[in-house]
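# A closer look at the structure
Spelled out from the first residue to the last, the chains are:
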Amino acid sequence: MNKKLLLLLSVGMLLASCRSHYQLASVERTRIVMDIRYDRQPDEEAATFLAPYKHQVDSVMGPVMGFAARNMAAERPESNLSNLLSDILVWAAADYGEKPVLGIYNMGGIRASLTKGEVTYGDVLDIAPFENKIAFTTLTGETLLELFRQIAHRGGEGVSHGCELVISRDGQLLSARLHGQEIDPQADYRVTTIDYLLGGNDGMPAFKKGRDVNSPQETRNNSRFIIMNYFKQKAAKGEVVDAQVEGRIVVKK
């Protein structure tokens, strides 16, 4: 018998022998709700097993960084938490010898909310879990307006105090002012943000046109540590951290 034919017959028999005779008859599913009822009657064996790990995690995540004056969340077009984080980037700039006129923090990078009262290491880690570092870049006024149009298209992002954007409900930029002044297309504007956005990510490609970039990559420059430093400094002065919606981005109806 031809060797090639014999090989084909052998493969065919092998495949036939591997074919299952079972057929899917039905699919069923159920949902288990994980709520407070499990806290009322904890499994003692599981609690004993987890105890040493819980102690270790709590020792890292539990230290209080500062205090929040109110509940804060990130929402478009503007929110107290996105305002706060953008302002913190501007606040931190002095440590880098920088004087930015604008801070931008993307809504997508804010992964949790803050609850009024104590703010722990773990709370800040929940908000900023990524390895994003503070960064600085210079944009021309023309590019800045392009960036503002991209922010308008996305329905809003975190912008620092002094930024006044008016956008339409369909995501068009209607007007833009910075610290009470119209944007000069020929002027230069120093901006602080996170390095992730410098790559043009999260729908803001205008950042890729920036120049004179200062993007320190040491771990201490991670946004979460900068946020913690802000809370700790406020706490050392006996102050609580507060932020409000103040009309930085307004949707014209």
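For the structure itself, consult the block above.
Quick look at the structure, then. Residue numbers run consecutively from 1 along every chain, following the written order of its sequence. Only residues with pLDDT of 70 or above have their local features reported here, since the model is predicted, and side-chain atom pairs are shown and tallied only from 80 upward, although totals for entire chains, interfaces and linings are computed over all residues. As a rule here, side-chain values come from all non-hydrogen atoms in the structure, and water together with hydrogens is ignored.

### A short note on unusual backbone geometry
Of the consecutive residues Arg 76 and Pro 77, the connecting peptide bond is found in the cis state with omega at 5°. Within the secondary structure, Pro 77 sits in the loop between strand S1 (64–68) and helix H4 (80–92). In the Ramachandran plot, Asp 202 falls in the positive-phi region, its phi being about 60° despite a non-glycine side chain. Numbering of helices and strands runs from the N terminus, with a helix taken as a DSSP run of H or I at least four residues long and a strand as a DSSP run of E at least two residues long. With respect to the helices and strands, Asp 202 occurs in the loop between helix H7 (195–198) and strand S10 (211–214). Residues other than glycine seldom take positive phi values, yet Asp 212 does so here, at roughly 50°.

### Concerning the sheet that holds strand S8 (residues 181–182)
If DSSP finds at least two bridges between two strands, the strands pair. The mixed open sheet is built from four strands, whose spatial order is S8-S7-S6-S11. The outermost strands of the open sheet, each flanked by one partner alone, are S8 and strand S11 (249–252). The contact definition used throughout considers only heavy atoms, calling two residues in contact when any of these lie within 4.5 Å. For every element, the axis is a line fit to its C-alpha atoms; helices are fit only across the contacting stretch, and the angle between N-to-C directions ranges from 0 to 180 degrees. Contacting strand S6 (163–168), strand S7 (173–178) and S11, helix H6 (residues 141–153) crosses the sheet at an angle of about 125° to S7.

### Digging into H4
The α-helix winds at 3.6 residues per turn, so residues separated by three or four positions along the chain end up facing the same way. Expected span of a helix, by definition, is 1.5 Å for each gap between consecutive residues, and there is one gap fewer than residues. In this model, H4 (13 residues) spans 18 Å end to end at C-alpha, consistent with the 18 Å of a helix rising 1.5 Å per residue. Think of it in three bands: residues with accessible area under 20% of the maximum for their type are buried, residues over 50% are exposed, and the middle band is partly exposed, with areas taken using a 1.4 Å probe on protein chains only. In terms of burial, H4 is a largely internal element, 10 of the 13 residues being buried. Within the sequence span of H4, burial applies to Asn 80, Leu 81, Ser 82, Asn 83, Leu 84, Leu 85, Ser 86, Ile 88, Leu 89 and Ala 92. In this structure, the buried side of H4 is in contact with strand S2 (102–105), helix H5 (121–127), strand S4 (134–140), strand S5 (158–159), strand S9 (188–194) and helix H8 (223–236).

### Some remarks on H8
Between its terminal C-alpha atoms H8 stretches 20 Å, which fits the 20 Å expected from 14 residues at 1.5 Å a residue. Of the residues making up H8, those classed as buried are Ser 223, Arg 224, Ile 226, Ile 227, Met 228, Tyr 230 and Phe 231. Between the side-chain oxygen at the start of H8 and the backbone nitrogen of Arg 224 there is a gap of 3.0 Å, and the oxygen is on Asn 222. Count one or two residues on from H8 and you reach Gly 238, which has phi positive near 75°. N or O atoms closer than or at 3.5 Å make up a polar contact, with two conditions inside protein: a donor-capable atom paired with an acceptor-capable one, and, for residues adjacent in sequence, both atoms drawn from side chains.

### A few points about the packing of H4 against H8
Here H4 crosses H8 at 85°, and the two axes come no closer than 10 Å. The orientation of H4 relative to H8 falls into the category roughly perpendicular. Across the interface between the two elements, Leu 84, Leu 85, Ile 88, Trp 91 and Ala 92 from H4 touch Ile 226, Ile 227, Asn 229, Tyr 230, Phe 231 and Gln 233 from H8. Three categories are distinguished: nonpolar for Ala, Val, Leu, Ile, Met, Phe, Trp, Tyr, Cys and Pro, charged for Asp, Glu, Lys and Arg, and polar for the others, with Gly belonging to the last. Along the lines of polarity and charge, the residues of the contact of H4 with H8 split into nine nonpolar, two polar and no charged. Throughout, the term roughly parallel applies to angles under 35 degrees, roughly antiparallel to angles over 145, roughly perpendicular to angles from 65 to 115, and oblique to all others.

### Things to note about the side chain of Arg 248
Tracing the chain through its elements places Arg 248 in the loop between H8 and S11. Exposure remark for Arg 248: the relative accessible area of 3% places this residue in the buried category. Within the structure, Arg 248 has its side chain in polar contact with the backbone oxygen of Asn 83 (distance 3.4 Å). Each residue touching Arg 248, except ones within four places of it in the same chain, is listed here: Glu 78, Asn 83, Asp 87, Val 159, Ser 160, His 161, Cys 163, Glu 164 and Leu 165.

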